[in-house]
Amino acid sequence: MPHMTRINPEDSARARFAYELQRHRLLAKLTQAGLGRMIGFSGSLIGAVENLKRTPSDDFARRCDDALGLDGVLAALHLEGWPPPPPVPDHFRDWTVEERRATALQAWDPLLVPGIFQIEPYARRIFARAPGSTPEEVEERVMGRMQRRQILSQESPPAILSLIDEGVLRRPIGGAEVMRAQMEYLLEIARHPKVTLQIVPFDAEAIAGLLAGFVIAEQRGTPYTVYVDSIPDGRTMNDRNVIASLTTRYDAIRAEAYPQSLSLKVIKEAADKWT
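Residues numbered from 1 in each chain as written. Predicted model: local features only at pLDDT ≥ 70, side-chain atom pairs only at ≥ 80, totals over all residues. Heavy atoms only, no water.

*Asks:* Explanation requested: unusual backbone geometry in the structure shown.
*Replies:* Glycine aside, negative phi is the norm for most residues, and most peptide bonds take the trans geometry. Its identity is not glycine, yet lysine 29 carries a phi of approximately 60°, on the positive side. Tracing the backbone through its elements, the reader meets lysine 29 in the loop between helix H1 (13-27) and helix H2 (32-39). When its relative accessible area of 77% is taken as the criterion, lysine 29 is described as exposed. (Helix = DSSP H or I, 4+ residues; strand = E, 2+ residues; numbered from the N terminus. Buried < 20%, exposed > 50% of the residue type's maximum accessible area, 1.4 Å probe, protein only.)

Here it is as structure tokens:
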């Protein structure tokens, strides 16, 4: 059998997919171009997937299973490596995919606790107050938000740097009991080795961030896409000029934030007041 690319299948679920795809292709004595012709994709795409340079679709995985006679092996590995996005609104679906593939996220939230850090009662209150929301829509969106929290439980979670305006800690979303539980959860999640929370104090003007919240996604230190809050729907964008502008704004906001140690004290004080 020809020599295989050096991929350690134990590194991640995605590495296991690439390894098994290549292994079964070679066992079938197929070149990348040959397999590509069988499934309707280019040989170069096969090579890029086997070298972890391209993300395969679930359709790609199913076609490879059929061509190689694998009874769903690759489809199952694909689901493990690239789980489907949670049930979220259409405008937000692209962003949930980017959240999962990013190696780092830099978030700024001037009005609410970041979505991936929200507890269920806090999120439910937000969705329930949206004009025209039905109970079914509220529950679906709450479910989607809770699934997004699992990002920190995935195999290689992104590093998350979250800047939160101090006013968020004082805004009574859902009442005192909900707010206290939410503050306690922020203190808990801040202990995660991949999470950094910094509070931007009241007396910091933070003018660069007053217009909207946003999140910058990075891969290996390079910002490549952003999500910007807006009404009625936020937007996922990968325009280089937009990314550069928001990165500059983010740095300006962070310059006015408390360090994490002091930020956690401020959150603890807020939790104590919500009694």
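Resuming the write-up.
*Asks:* How should the sheet that holds strand E2 (residues 159-165) be read in this particular structure?
*Replies:* Consider a sheet: its strands pair through backbone hydrogen bonds, and that pairing is either parallel or antiparallel. Spatially, six strands are ordered E3-E2-E1-E4-E5-E6 in an open sheet, and the strand pairing comes out mixed. Taken across any chain shown, the strands that pair with only one partner, and hence form the sheet edges, are strand E3 (195-200) and strand E6 (235-237). Averaged over all adjacent pairs, the angle separating strand axes in this sheet is 15°, with direction ignored. The pairing of E2 with E3 spans six bridges and is parallel. Its bridge partner being in E3, leucine 161 is matched across the sheet by threonine 196. Contacting strand E1 (104-109), strand E4 (214-219), strand E5 (222-228) and E6, helix H6 (residues 90-101) runs over the sheet at an angle of about 150° to E5. Packing of helix H11 (residues 240-254) onto the sheet brings it into contact with E1, E2, E3, E4, E5 and E6, and relative to E5 it is tilted by some 85°. (Pairing = 2+ DSSP bridges. Axes fitted to C-alpha atoms, helices over the stretch in contact; angles between N-to-C directions. Contact = heavy atoms within 4.5 Å.)

*Asks:* What is the right way to read the pattern of salt bridges from this model?
*Replies:* Where side chains of opposite charge bring their charged atoms close, a pairing between them can arise. For the coordinates displayed, the defined rule picks out 14 salt bridges. Residue arginine 63 is joined to aspartate 59 by a salt bridge in which the shortest nitrogen-to-oxygen separation is 3.0 Å. In this pair, arginine 63 and aspartate 59 are both assigned in helix H4 (residues 58-68), four residues apart and thus about one turn of the helix distant. Looking at arginine 63, the relative accessible area reads 36%, which means it is partly exposed. (Salt bridge = Lys/Arg side-chain N within 4 Å of Asp/Glu carboxyl O.)

*Asks:* Hey, could you run me through the packing of aromatic side chains in this one?
*Replies:* Each aromatic ring pair is described using two quantities: the centre-to-centre distance and the angle formed by the ring planes. Scanning the model with the defined rule gives three aromatic pairs in all. For the pair phenylalanine 41 and phenylalanine 60, a centre-to-centre distance of 5.4 Å together with 65° between the ring planes defines the contact as edge-to-face. Residue phenylalanine 41 is found in the loop between H2 and helix H3 (43-50), and its partner phenylalanine 60 is found in helix H4; the two are separated by 19 residues along the sequence. Assessed through its relative accessible area of 25%, phenylalanine 41 is described here as partly exposed. An angle of 40° between the planes, with centres 5.9 Å apart, marks the rings of tryptophan 95 and tyrosine 227 as tilted. Here the residue tryptophan 95 occupies a position in helix H6, and tyrosine 227 occupies one in strand E5, the gap between them amounting to 132 residues. Across this residue pair, the class does not change: tryptophan 95 and tyrosine 227 are buried. (Phe/Tyr/Trp six-rings, centres within 6.5 Å; stacked < 30°, edge-to-face > 60°.)

*Asks:* What is the right way to look at the nonpolar core in this model?
*Replies:* Soluble globular proteins: nonpolar side chains tend toward being buried together. Counting 38 residues, the largest nonpolar core has Phe117, Met183 and Leu197 as its most contacted members. With seven residues, the top contributor of residues to this core is helix H10 (residues 176-189). Sequence-distant contacts of leucine 197, defined by excluding residues within four places in its chain, comprise Phe117, Ser162, Ile164, Leu186, Ile189, Ala190, Gln260, Ser263 and Ile267. In terms of nonpolar packing, the next biggest core, distinct from the first, is built from 16 residues, Leu21, Leu45, Phe60 and Ala61 among them. (Core = buried A, V, L, I, M, F, W, Y, C linked by side-chain atoms within 4.5 Å.)

*Asks:* I'm lost on the packing of H1 against helix H5 (residues 73-81) in this one. Help?
*Replies:* Axis separation between H1 and H5 bottoms out at 8 Å; the angle between their running directions is 155°. As summarised for this structure, H1 and H5 are arranged roughly antiparallel, according to the angle between their axes. Of the two elements, H1 crosses H5, and the hand of that crossing is left-handed. Residues Ala13, Arg14, Arg16, Phe17, Glu20 and Leu21 of H1 touch H5, and the partners they reach there are Leu74, Leu77, His78, Glu80 and Gly81. (Parallel < 35°, antiparallel > 145°, perpendicular 65-115°, else oblique. Left-handed = near helix turned anticlockwise from the far one by under 90°.)

*Asks:* It is not clear to me how helix H12 (residues 260-273) should be interpreted in this structure. Could you clarify?
*Replies:* Note that an α-helix has 3.6 residues per turn; residues three or four places apart therefore point the same way. Compared with an ideal rise of 1.5 Å per residue, which puts 14 residues at 20 Å, H12 spans 20 Å between its outermost C-alpha atoms and is within 8% of the ideal. Among the residues making up H12, those that are buried are Ser263, Val266, Ile267, Ala270 and Ala271. Looking straight down H12, one finds that the buried residues subtend no more than 140° of arc, so they occupy a single side. Exposed residues pointing more than 90 degrees away from the buried face of H12 are listed as Ser261 and Lys265. Contact partners of the buried residues in H12: helix H9 (166-170), H10 and E3. (Expected span 1.5 Å × (residues − 1). Arc of directions from axis to C-beta.)

*Asks:* So what exactly am I meant to see when it comes to the pairing of E5 here?
*Replies:* Sheet faces and side chains relate simply in a regular strand, where the side chains alternate between the two faces. The buried fraction of E5 is high, at five of seven residues. Examined bridge by bridge, E4 and E5 share six bridges and lie antiparallel to one another. Counterpart to phenylalanine 214 in the pairing with E5 is valine 228. Linking E4 back to E5 in an antiparallel pair, the connection comprises two residues, with arginine 220 at a positive phi of about 50°. Summarising the sheet, E5 and E6 pair through three bridges and their orientation is antiparallel. Opposite valine 228, over in E6, you have arginine 235 as the bridge partner. The loop that links E5 with its antiparallel partner E6 comprises six residues.

As far as function goes, none of this settles anything; it's purely spatial.
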